[in-house]
Amino acid sequence: MANPFLDTTTARPVGPGRYAGAIHPDWNLDPLPQGGVVTALALRAMTDELGDPAHRVRALHTTFVGQVADGPVAVEVELLRRGRSMSHLRAEVTNPDAVRGHLTTGIFGSPRRGFDFTDLRPPEDIPP
C-alpha cells in the first residue's frame, strides 16, 4: 500500500450510484473499523458521484444505523440535490447482504467569501 488511509477509503464505481470498497482490519478498534474511516469512504464515493471539483465538503452528518465490519463493503450514493453553489448527497456503507449500515449525509459547496484563518508560530522562548 502506498497510502493505507487513501487505499482503504477508495470506492470504485460498480454502477449508477453504486460503489465497492474494502476496509482493512488494521483500521479496527476492537471489534469494528474506526468510524472516521467508514465516513471517509462514504465521502469519497459521494465526491466521485457528484463529479464537481468546485464543490467541496462543507458539512456532514453521520449515523451508525448498523455495524460495518472490515472486509468488502458496498456504498450506495444518492444525489439529493445538485445546485449551482450547494449540493446535497446521501451515502450508506454496508457489508454485503447487510440490511443497514453507516449513513452519511454530505453538503458540498463552492468557495465563497468568509473568514480567513492564520496559523501563528508559537513563541520561541517558551520555558520548558
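Residues numbered from 1 in each chain as written. Predicted model: local features only at pLDDT ≥ 70, side-chain atom pairs only at ≥ 80, totals over all residues. Heavy atoms only, no water.

**Things to note about the side chain of threonine 8**
Selection rule: For helices the rule is a DSSP run of H or I covering at least 4 residues; for strands it is a run of E covering at least 2, with both sets numbered from the N terminus onward. The contact criterion used is simple: two residues touch if any of their non-hydrogen atoms lie within 4.5 Å.
Among the structural elements, threonine 8 can be located in helix α1 (residues 4–8). Those residues in contact with threonine 8 that lie beyond four places of it in its chain are Ala22, Ile23, His24, Trp27, Val37 and Leu41.

**Thoughts on helix α2 (residues 35–50)**
We apply this condition: One less than the number of residues in a helix, times 1.5 Å, gives the span that helix is expected to have. Think of it in three bands: with a 1.4 Å probe and only protein chains considered, a residue is buried below 20% of the maximum accessible area for its type, exposed above 50%, and partly exposed in between.
Here α2 contains 16 residues, and its C-alpha end-to-end distance of 22 Å stays within 8% of the 22 Å for a straight helix at 1.5 Å per residue. Within the span of α2, buried status applies to Val37, Val38, Thr39, Ala40, Leu41, Ala42, Leu43, Ala45, Met46 and Leu50. Backbone geometry just downstream of α2 places glycine 51 in the positive-phi region, at approximately 65°.

**Quick look at the sheet that holds strand β6 (residues 71–82)**
Our working rule: The pairing criterion for strands is at least two bridges between them, as found by DSSP. Orientation is described by lines fitted to C-alpha atoms, with helices fitted over the stretch in contact, and by angles between N-to-C directions that extend from 0 to 180 degrees.
What the 6 strands build is an open sheet, ordered β1-β2-β6-β7-β8-β5; its pairing is antiparallel. Every interior strand has two partners, whereas the edge strands, β1 (12–15) and β5 (56–64), have only one. Neighbour-to-neighbour, the strand axes of this sheet turn through a mean angle of 30°, independent of strand direction. Two strands pair when backbone bridges link them, and β5 and strand β8 (residues 102–109) are joined in this way by 8 bridges, in the antiparallel orientation. When the bridges of β8 are listed, arginine 56 appears paired with glycine 109. Contacting β1, β2 (18–23), β5, β6, β7 (86–94) and β8, α2 runs over the sheet at an angle of about 50° to β8.

**Considering the nonpolar core**
One recurring pattern in soluble globular proteins is that nonpolar side chains are buried together. The following threshold applies: Take the buried Ala, Val, Leu, Ile, Met, Phe, Trp, Tyr and Cys residues and link them wherever side-chain atoms come within 4.5 Å; each set so joined is a nonpolar core.
Counting residues in each nonpolar core, the largest one holds 20 residues, and the members touching the most others are Ile23, Leu41, Met46, Val75, Val77 and Val93. Every element with two or more residues in this core is listed here: β2, α2, β6 and β7. For this core, the element with the highest residue contribution is α2, accounting for 8 residues. Setting aside anything within four residues of it in sequence, one finds isoleucine 23 in contact with Thr8, Pro33, Val37, Val38, Leu41, Val68, Asp70, Gly71 and Val73.

**Focus on the environment of glutamate 76**
Relative to the helices and strands, glutamate 76 is located in strand β6. A C-alpha to C-alpha distance of 19 Å links glutamate 76 and aspartate 7, two positions 69 residues apart in sequence. Ignoring anything within four residues of it in the chain, the contact list for glutamate 76 reads Gly17, Arg18, Arg90, Ala91 and Glu92.

**Some words on the environment of glycine 101**
Note that glycine 101 resides in the loop between β7 and β8. A relative accessible area of 0% means that glycine 101 is categorised as buried. For glycine 101 and alanine 74, which are 27 residues apart along the polypeptide, the C-alpha to C-alpha distance reads 9.7 Å. When residues no more than four places from it in sequence are discounted, the contact partners of glycine 101 are Thr63, Phe64, Val65, Gly66, Val68, Glu92, Val93 and Thr94.

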